[in-house]
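So you can see what is in the structure, the chains are spelled out below.
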Amino acid sequence: MNTYTYRRPGERGGWETDVLVVGGGPVGMALALDLAHRGVDFTLIEAGEGIPADPRITTVGPRAMEMFRRWGMSGTLRGAGWPDDHCLDVAWVTAVAGHEIHRLPFGTVADRPLPGHTPEPEAICPQHWMAPLLLDRLGHYPDGPVRTRCRLLGIVPEPGGVTATVARADGSRSEVRARYLVGCDGAGSSVRKICGIDVPELHPPRVLRNILFRAPELPRLLGPRAPLLYFLVSPTGLRYPLRAIDGRGTYRLTAPATGEPAQAVVRRAVGLDTPLTVEADGAWHLTHRVADRYRSGRVFLTGDAAHTLSPSGGFGMSTGVCDAADLGWKLAAALAGWAGPGLLDSYETERRPVAVAGVAEANANLLRTQDRRLSPALLDDNPVGERARKALRRELATSDVGREFDHPEMHFAYRYVSPVIAAELPADRAGAADSADCADSAALSGSGLNASTLPGVRAPHAWLEPGRSTLDLYGREFVLLSFAEPAGGGGGDRSDAGGGGAAGEPYGLARAFAERRVPLHVVRCTVPEIARRYEQPYVLVRPDGHVAWRGTRQPRDPLALVDLVRGAGR
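Structural notes, computed from the coordinates. (Residues numbered from 1 in each chain as written. Predicted model: local features only at pLDDT ≥ 70, side-chain atom pairs only at ≥ 80, totals over all residues. Heavy atoms only, no water.)

**As for the nonpolar core**
Item 1. Among the nonpolar cores identified, the biggest contains 113 residues, and Phe 68, Leu 242 and Leu 253 are the most heavily contacted of them.
Item 2. Considering each element in turn, this core owes the most residues, nine residues, to helix H8 (residues 316-336).
Item 3. If sequence neighbours within four positions are ignored, Leu 253 has contacts with Arg 209, Asn 210, Ile 211, Phe 213, Leu 232, Pro 241, Leu 242, Val 265, Val 266 and Ala 269.
Item 4. Listed in part, the 23 residues of the second largest apolar core include Trp 329, Leu 480, Leu 509 and Ala 548. (Core = buried A, V, L, I, M, F, W, Y, C linked by side-chain atoms within 4.5 Å. Buried < 20%, exposed > 50% of the residue type's maximum accessible area, 1.4 Å probe, protein only. Helix = DSSP H or I, 4+ residues; strand = E, 2+ residues; numbered from the N terminus. Contact = heavy atoms within 4.5 Å.)

**So, unusual backbone geometry**
The phi torsion of most residues other than glycine is negative, and most of the peptide bonds are trans.
Item 1. Note the cis peptide between Tyr 141 and Pro 142, where omega equals 10 degrees.
Item 2. Notably, Arg 149 is not glycine yet its phi reads approximately 55 degrees, a positive angle.
Item 3. As for its position among the elements, Arg 149 is in the loop between strand S7 (146-148) and strand S8 (150-158).
Item 4. Judged by its relative accessible area of 45%, Arg 149 is partly exposed.
Item 5. A positive phi angle, close to 60 degrees, is found at Asn 450, a residue other than glycine.
Item 6. Along the chain, Asn 450 turns up in the loop between helix H11 (408-412) and strand S19 (463-465).

**Some thoughts on the packing of H8 against helix H9 (residues 346-370)**
Item 1. Across the interface, H8 lies against H9 with an axial gap of 10 Å and an inter-helix angle of 170 degrees. Overall, the two elements H8 and H9 adopt an arrangement that is roughly antiparallel. Where H8 approaches H9, its residues Thr 319, Cys 322, Asp 323, Asp 326, Leu 327 and Lys 330 are matched on the opposing element by Ser 346, Tyr 347, Glu 350, Arg 351 and Ala 355.
Item 2. Among the residues making up the contact of H8 with H9, the classes are represented as four nonpolar, two polar and five charged. (Axes fitted to C-alpha atoms, helices over the stretch in contact; angles between N-to-C directions. Parallel < 35°, antiparallel > 145°, perpendicular 65-115°, else oblique. Nonpolar A, V, L, I, M, F, W, Y, C, P; charged D, E, K, R; others polar.)

**A word on helix H14 (residues 558-565)**
A turn of α-helix holds 3.6 residues, and therefore any two residues three or four places apart point the same way.
Item 1. For H14, the set of buried residues is Pro 558, Leu 561, Val 562, Asp 563 and Val 565.
Item 2. Gly 567 occupies a position one or two residues after H14 and carries a positive phi of about 85 degrees.

**A word on the pattern of salt bridges**
Note on pairing: side chains with opposite charge can pair once their charged atoms come close.
Item 1. Summed over all chains, the structure comprises 32 salt bridges.
Item 2. With its nearest N and O atoms 3.6 Å apart, the salt bridge here joins Arg 149 to Glu 49. Linking Arg 149 in the loop between S7 and S8 with Glu 49 in the loop between strand S2 (42-46) and strand S3 (59-60), this pair joins segments that are 100 residues apart in sequence.
Item 3. The partner of Asp 544 in a salt bridge is Arg 542, with the nearest N and O atoms 2.7 Å apart.
Item 4. Looking at Asp 544, the relative accessible area reads 2%, which means it is buried. (Salt bridge = Lys/Arg side-chain N within 4 Å of Asp/Glu carboxyl O.)

**Some remarks on the sheet that holds strand S18 (residues 307-308)**
Item 1. In spatial order, the strands read S5-S4-S12-S13-S14-S11-S15-S18; together these eight strands make up an open sheet with mixed pairing. Edge positions in the sheet fall to strand S5 (100-104) and S18, since each of these pairs with one other strand and no more.
Item 2. Pairing analysis gives four bridges linking strand S4 (residues 90-93) to strand S12 (residues 229-232), with the strands arranged parallel. Bridging across to S12, Val 90 finds its partner in Leu 229.
Item 3. This element, helix H10 (residues 383-398), spans S4 and S5 of the sheet and lies at about 20 degrees to S5. (Pairing = 2+ DSSP bridges.)

**A look at the pairing of strand S14 (residues 250-256)**
Item 1. Burial runs high along S14: six of the seven residues are buried.
Item 2. As paired elements, strand S11 (residues 201-214) and S14 share seven bridges and run antiparallel to each other. Its bridge partner being in S14, Ile 211 is matched across the sheet by Leu 253.
Item 3. Where strand S13 (residues 241-244) meets S14, three bridges bridge the pair, whose relative direction is antiparallel. Note that in S14 the partner of Leu 242 across the bridge is Leu 253.
Item 4. Linking S13 to S14, which pair antiparallel, is a turn of five residues; within it Gly 247 sits at a positive phi near 75 degrees.

**Brief notes about the environment of Gly 14**
Item 1. With respect to the element layout, Gly 14 can be found in strand S1 (residues 14-22).
Item 2. Sequence separation between Gly 14 and Thr 163 is 149 residues; the distance between their C-alpha atoms is 10.0 Å.
Item 3. If near-sequence neighbours (up to four positions away) are discounted, Gly 14 is found in contact with Ser 174 and Glu 175.

**Let's talk about the packing of helix H1 (residues 26-37) against H8**
Item 1. Put simply, H1 and H8 touch, their axes get as near as 8 Å, and they point 30 degrees apart. With respect to each other, H1 and H8 are oriented roughly parallel. Relative to H8, H1 is oriented so that their crossing is right-handed. Along the contact surface, H1 presents Pro 26, Val 27, Ala 30, Leu 31, Asp 34 and Leu 35, while H8 presents Met 317, Gly 320, Val 321, Ala 324, Ala 325, Gly 328, Trp 329 and Leu 331. (Left-handed = near helix turned anticlockwise from the far one by under 90°.)

Set out below in structure tokens:
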């Protein structure tokens, strides 16, 4: 349930807010949803209308969908309009109507099995569908905190906050006083530039072209096996995806940025005589960049303002949404007064290495595509052409192309290592999954996927009952899961916290949280399968769903642990 109640501010040339969110793309909206979920007063400003004219992002990754589940939006995004019976396969082809070389089967939304590691598989929800749904949930000014056609002009740091100058579409200006400001304003971020934060290239940039087109007869002509994504492997220069946008005849083709007319490029990619209309055609810059810093005083960067990734792998939006989930609860803690001085600093410590790892993986996927040699004979309808296609089929089957489309470790198996996560010595891991001890946030081995509670990882998903996941326990406060047998035996499934102090009771830790005014919910669980997956008798999970600490018994110094996880540790 959303606890946020919008309070319309007075105008008179300006207003005050606790958090000013700059940028109304998916990441800005995600941060707004998280702040609303926590009852934080905020305003979101967006320079445009808030609804993009073209799809841009089309798939919402599974970890991002877990966040939208927390905010009560996952079902809404799934129901936005994608046909449940549309094939989700990926096929490598010389053209849509040409030779099919290789195919990865993914079924349909209706018949694919639910993965064991998440309650929320990825969803097809293009950005021009998503944006109005998120805007409707948050509310547009004057009925909500989202103000469109408002552009940031400047930021002035002041004691206890910042003052931002905002220009409206009518030319008027306002001064907005905020305790914190978050730049979610994309790759060309004004916030980042104002703060003087550098964002170096990690790999060479490229210029590509997106062509959005309608071909209303194409779905019927292609039939039910038409995949979600055609990966072109044509020696004519087309080697990027052509994907269905709405499942009803709208497509997007990515191609090299050349002067060739869009209609001709699309005709070459489709290879079929069918009516089609080009609706948009524009060049874009593919970059791999990560900002040197994610924070400047009371100003923070998230999403593309902090990092840009190749779309190869689909990590970009998910990385940004998880930025928002990490920062949102820490801002709420700072505003509530229980955050220590190191909590907000841990945002960069935890999230920047994830972006660096994502950039490396996305670039590897891109290079696999760009470095692939495509024989001119691929187009030939003769034995030479068949041999060329068979050779490429073998190469695709053995070069791990599937990791670009199904690599859950990149979404789930990274681990935060930061001063607000309790360190764990090897001797403390008795009976736990053998996961790599990372020096920073990076992907674990596959054995760590949803199978470890090593401090810093995402707490595992398991079904408590039909439709209710362990992930549904997390989001508002710290949660202490207790699998220990209570003193005297006979404990059942219940939630409690209070006095006491027996070896099986988590009351000492609960008292320490209460003394520091840090919200904590204690959940006792006796489901054997969940106990095995969570590995230790006590597991402390943060509001963002990552494990902060675990142990075989209560900590010797509960106050020291609470201070550590709230950013006030020594």
